[in-house]
Amino acid sequence: MRQANRTFGALGTSVFETMSRLARQHEAINLGQGFPDDRGAPDVLAKAAEALLTGWNQYPPMLGLPELRQAVARHEQRFYGLAVDWEREVMVTSGATEALTAALLGLIEPGDEVVLFAPAYDAYAPMVRRAGGTPRWVNLYPPDWSLDRRALEAAFSPRTKAVLLNNPLNPAAKVFTAEELALIAELVDGADAYAICDEVYEHLVFDGRRHVPLITLPGMRERCLKIGSAGKTFSLTGWKVGYVTAAPPLLAAVAKAHQFIVFTTPPNLQTAVAYGLGQPDAYFSGLAAEMERRRGKLAEGLAELGIPSLPCQGTYFLNVDRRAMGLGWNDAADDVAFAMRLTAEAGVAAIPLSAFYEEAPDFDHIRFCFAKQDAVLAGAVERLGRKVRGAAAAGERITRPP
Ligand code: PMP
Ligand code: GLN
């Protein structure tokens with residue numbers, strides 16, 4: 001057989017799928033893959049069902065239904081004060097994943113470099129490479145994941161075509177500071193580059209924070225593509241409805257790729273998301289408040305077991321240093337082995353953070369998803385507690401601080 005494509009051929013299965021499979025195999029509580037276990041907003045679901053039964057089920061327009069594109073434009077105005085021309089500046093995609101793919105295929109040429117921040121969502125680097133680009137990594141580290149000017153400057157070169165920024169950042173649960181965003185904007189501008197902004201967690205920021213899209217910073221309006229996802233904003237991750245907002249020439253470039261990737265997105269889901277984006281502010285603040293409450297529930301449960309977690313400013317995720325879990329297991333070679341053992345033996349699945357780094361140092365952190373029902377979170381804490389107590393009784397508890 002002739003060789004398949006090298007970029008994809010060299011890859012394994014995504015860590016999210018691997019850990020979810022392992023969780024099923026061991027009947028573990030799955031705090032690995034990031035998805036809420038809610039049913040989703042009933043009125044948004046009803047809209048989709050109604051549109052499916054009574055609406056148009058043939059190809060919708062390639063850029064998306066006008067009603068959804070208008071709703072996205074109104075959303076950008078309402079939350080960020082951004083004036084957007086829905087006809088020339090908004091496109092609907094099949095999830096944020098397709099938006100990212102279309103952006104990279106539409107903008108990147110062989111030889112271009114793309115600045116990526118690690119930890120990075122696992123789809124980024126393969127898609128950069130498949131588009132012909134070269135990733136240039138900027139590694140961020142716990143506990144505060146702060147961005148250093150020198151490290152960022154070192155990642156830029158005359159070949160830099162784009163920066164791919166995920167803010168709020170999965171899995172770090174970090175919200176970039178105003179200074180960090182200003183620094184990124186300054187370097188993007190100086191390099192005459194673009195910024196592909198994955199902002200799927202835009203409505204999942206906590207403790208009174210407000211999300212600031214990079215596109216709203218001075219000089220960034222013509223350089224940024226802002227990507228959102230109904231999956232995250234309406235707790236319906238299986239829907240795969242995303243949206244891109246960008247200046248007309250940028251959007252046009254990305255639409256060229258989109259037309260040959262999926263062409264369109266299911267129309268009934270688009271109708272329902274258009275309705276959802278029109279919800280009153282209370283829906284959006286309520287979503288953040290509910291996820292913040294769940295974050296507290298998991299963090300407190302872990303703390304009662306003596307397990308500290310890293311600060312979490314947004315997203316669905318809470319990170320823990322495995323060395324502080326009191327489980328012993330010093331023989332687990334790394335965070336991957338540890339997460340697998342936790343799934344198999346404690347019955348709780350998590351994601352090892354090294355999966356988000358290509359040039360990983362020795363990583364010791366694992367990620368738990370807290371976007372779950374109270375009973376599920378309580379069940380996970382109970383299972384972890386049993387293991388921790390068992391380890392302590394066996395004298396295995398390690399005291400090395402993280
Ligand atoms: N970007 C990030 C940072 C994510 O965590 C995810 C996972 N949901 C996506 C993109 C993909 O979003 P979607 O399901 O809308 O394709
Ligand atoms: N975004 C989700 C996560 O980080 C997973 C999405 C996927 O499974 N590809 O867990």
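Please refer to the structure placed before this passage.
Cut-offs and rules
- Residues numbered from 1 in each chain as written.
- Chains lettered and ligands numbered in written order.
- Predicted model: local features only at pLDDT ≥ 70, side-chain atom pairs only at ≥ 80, totals over all residues.
- Heavy atoms only, no water.
- Helix = DSSP H or I, 4+ residues; strand = E, 2+ residues; numbered from the N terminus.
- Rg over C-alpha atoms; globule rule 2.2 N^0.38 Å.
- Contact = heavy atoms within 4.5 Å.
- Areas by Shrake-Rupley, 256 points an atom, 1.4 Å probe, with all protein chains shown as cover.
- Near = heavy atom within 4 Å.
- Polar contact = N/O pair within 3.5 Å; in protein donor to acceptor, adjacent residues only side chain to side chain.
- Pairing = 2+ DSSP bridges.
- Axes fitted to C-alpha atoms, helices over the stretch in contact; angles between N-to-C directions.

**Focus on the overall build of the protein**
Phase 1: A tally of helices and strands in the protein yields 15 helices and 12 strands.
Phase 2: For a compact globule of 402 residues, the expected C-alpha radius of gyration is about 21 Å, and the protein comes in at 21 Å, within 12% of that figure.
Phase 3: If you line up the protein on its principal axes, its C-alpha atoms span 65 × 55 × 50 Å.
Phase 4: A sequence separation of at least 24 residues applies to 75% of the contacts in the protein between residues at least 6 apart.
Phase 5: Working note: accessible area of the protein is about 16800 Å², and carbon and sulfur atoms make up 53% of it.

**Focus: the site of ligand 1**
Phase 1: Around ligand 1 there are 13 residues in total, and Thr97, Asp198, Ser229, Lys232 and Lys240 lie nearest to it.
Phase 2: Within the side chain of Tyr201, a nitrogen or oxygen atom sits 2.7 Å from an oxygen atom of ligand 1.
Phase 3: Within the side chain of Ser229, an N or O atom sits 2.7 Å from an oxygen atom of ligand 1.
Phase 4: Starting from 390 Å² of accessible surface for ligand 1 in isolation, the protein chains cover 94%.

**Thoughts on the sheet that holds strand β8 (residues 242–246)**
Phase 1: Spatially, β2-β8-β7-β6-β5-β3-β4 is the arrangement adopted by the seven strands of the open sheet, whose pairing is mixed. Two strands close off the open sheet at either side, each with one partner strand: β2 (90–93) and β4 (134–139). Pairs of neighbouring strands in the sheet enclose a mean axial angle of 20°, with direction left out of account.
Phase 2: Two strands pair when backbone bridges link them, and strand β3 (residues 113–118) and strand β5 (residues 160–166) are joined in this way by four bridges, in the parallel orientation. Within the sheet, the bridge partner assigned to Glu113 lies in β5 and is Thr160.
Phase 3: The strands touched by helix α4 (residues 66–80) within the sheet are β2, β7 (224–229) and β8, with β2 carrying the most contacts at an inclination of about 115°.

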